[in-house]
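# A structural walkthrough
Listed here are the chains, written in short residue letters.
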Amino acid sequence: MSVSPVSARRLAAASLAAAAVIGAVALPASAAGHPHHERPKVEISAVQYDAPGRDTRSNHSLNKEWVELTNTTRRAINLDGWTLSDEEGDTYTFHHYRLAARATVRVHTGEGRDTRADLYQDRRRHVWDNHADTATLRNDHDRLVHEYSWRDGRRHDGGDRHHYDGKDRYDHDGKDRHHGDRHHGGNRH
């Protein structure tokens, strides 16, 4: 059986059209014109903003206040020059530190000896407000990498929270923690 040139062209055109339709359907959302929201490569994974026990200016109390950063990638990330700050402008700058792949580092407020898993801001007073604050992580080009906010130490279901793990974005009255009104009063230690 022989195929005429016209039939061969029609068959080729139909095949190309079918491939184009399949390709358009199989495009990832970002290529199809939908925004792709990528997780940060380093994120604030937990915050202990209210040190357990009485708030004192002792180094023991200060080091119970901390922020954890997690590298969500499969490669180490150089944090040299990156900053971690609060709403009042208290800023910690990372110096000569590489966060290993899939690793977490805890940044304590008080004084101590830096290790791979624990860094110390060497402060003599508490940084994170117990009632309302935002921890902001920026890279060495001052670009926002990740932010964590809390308000009145409460979850959206009304339970007390002094350790914010980032899974609850909304405060107790349903307002978005990242874009809603913030309460700036309250006690900063």
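So, how was this worked out
Residues numbered from 1 in each chain as written. Predicted model: local features only at pLDDT ≥ 70, side-chain atom pairs only at ≥ 80, totals over all residues. Heavy atoms only, no water. Pairing = 2+ DSSP bridges. Helix = DSSP H or I, 4+ residues; strand = E, 2+ residues; numbered from the N terminus. Core = buried A, V, L, I, M, F, W, Y, C linked by side-chain atoms within 4.5 Å. Buried < 20%, exposed > 50% of the residue type's maximum accessible area, 1.4 Å probe, protein only. Contact = heavy atoms within 4.5 Å. Axes fitted to C-alpha atoms, helices over the stretch in contact; angles between N-to-C directions. Polar contact = N/O pair within 3.5 Å; in protein donor to acceptor, adjacent residues only side chain to side chain. pLDDT = per-residue confidence, 0-100.

In the case of a regular strand, side chains alternate between the two sheet surfaces. Pairing geometry for strand 2 (residues 66–71) and strand 7 (residues 104–108), over five bridges, is antiparallel. In the strand pairing of strand 7, Trp-66 is matched with His-108. Pairing between strand 7 and strand 8 (residues 118–120): three bridges, direction parallel. Bridging from a neighbouring strand, His-108 pairs with Tyr-120 of strand 8.

Attention shifts here to the nonpolar core. In terms of nonpolar packing, the biggest core is built from 24 residues, with Ile-44, Leu-69, Leu-79 and Phe-94 touching the most fellow members. Looking at this core, the elements with two or more residues in it are strand 1 (42–48), strand 2, strand 7, strand 9 (132–138) and strand 10 (144–151). Those residues in contact with Leu-69, other than ones at most four positions away along the chain, are Val-42, Glu-43, Ile-44, Ser-45, Leu-79, Phe-94, Leu-99, Ala-103, Thr-104, Val-105 and Leu-137.

Within the chain, His-96 stands out as a residue other than glycine whose phi angle is a positive 50°. For His-96, the position within the fold is in the loop between strand 5 (91–93) and strand 6 (98–99). A residue is classified by how much of its surface remains accessible, and His-96, at 73% relative accessible area, is exposed. You will see that Asp-142, though not glycine, has its phi angle at about 65°, which is positive.

Turning our attention to the sheet that holds strand 10. Neighbouring strands of a sheet are bound in pairs by backbone hydrogen bonds; such pairs are parallel or else antiparallel. Overall, antiparallel pairing links the four strands, which are arranged 5-4-9-10 in an open sheet. Looking at strand neighbours, the two that pair on one side only are strand 5 and strand 10, the edges of this open sheet. Here the average twist between neighbouring strands, direction ignored, is 10°. By the bridge criterion, three bridges tie strand 4 (residues 83–85) to strand 9 in an arrangement that is antiparallel. Bridged to Ser-85 within strand 9 is Thr-136.

Take Ala-117: it is sitting in the loop between strand 7 and strand 8. In sequence terms Ala-117 and Val-107 are ten residues apart; their C-alpha atoms lie 8.6 Å from each other. Each residue touching Ala-117, except ones within four places of it in the same chain, is listed here: Thr-104, Val-105 and Arg-106.

Now for the side chain of Asp-86. Take Asp-86: it is sitting in the loop between strand 4 and strand 5. With relative accessibility at 5%, the residue Asp-86 sits in the buried group. In this structure the side chain of Asp-86 is engaged in a polar contact, spanning 2.7 Å, whose partner is the backbone nitrogen of Asp-90.

Another point: the confidence of the model for the protein chain. Model confidence for the protein chain is summarised by a mean pLDDT of 76, while 60% of its residues fall at 70 or above. Across residues 20–32 the pLDDT falls below 50, and counting only partners more than four positions away or on other chains, this stretch makes two contacts in the model. Within the model, the stretch residues 154–189 combines pLDDT values under 50 with 93 contacts to residues more than four positions away or in other chains.

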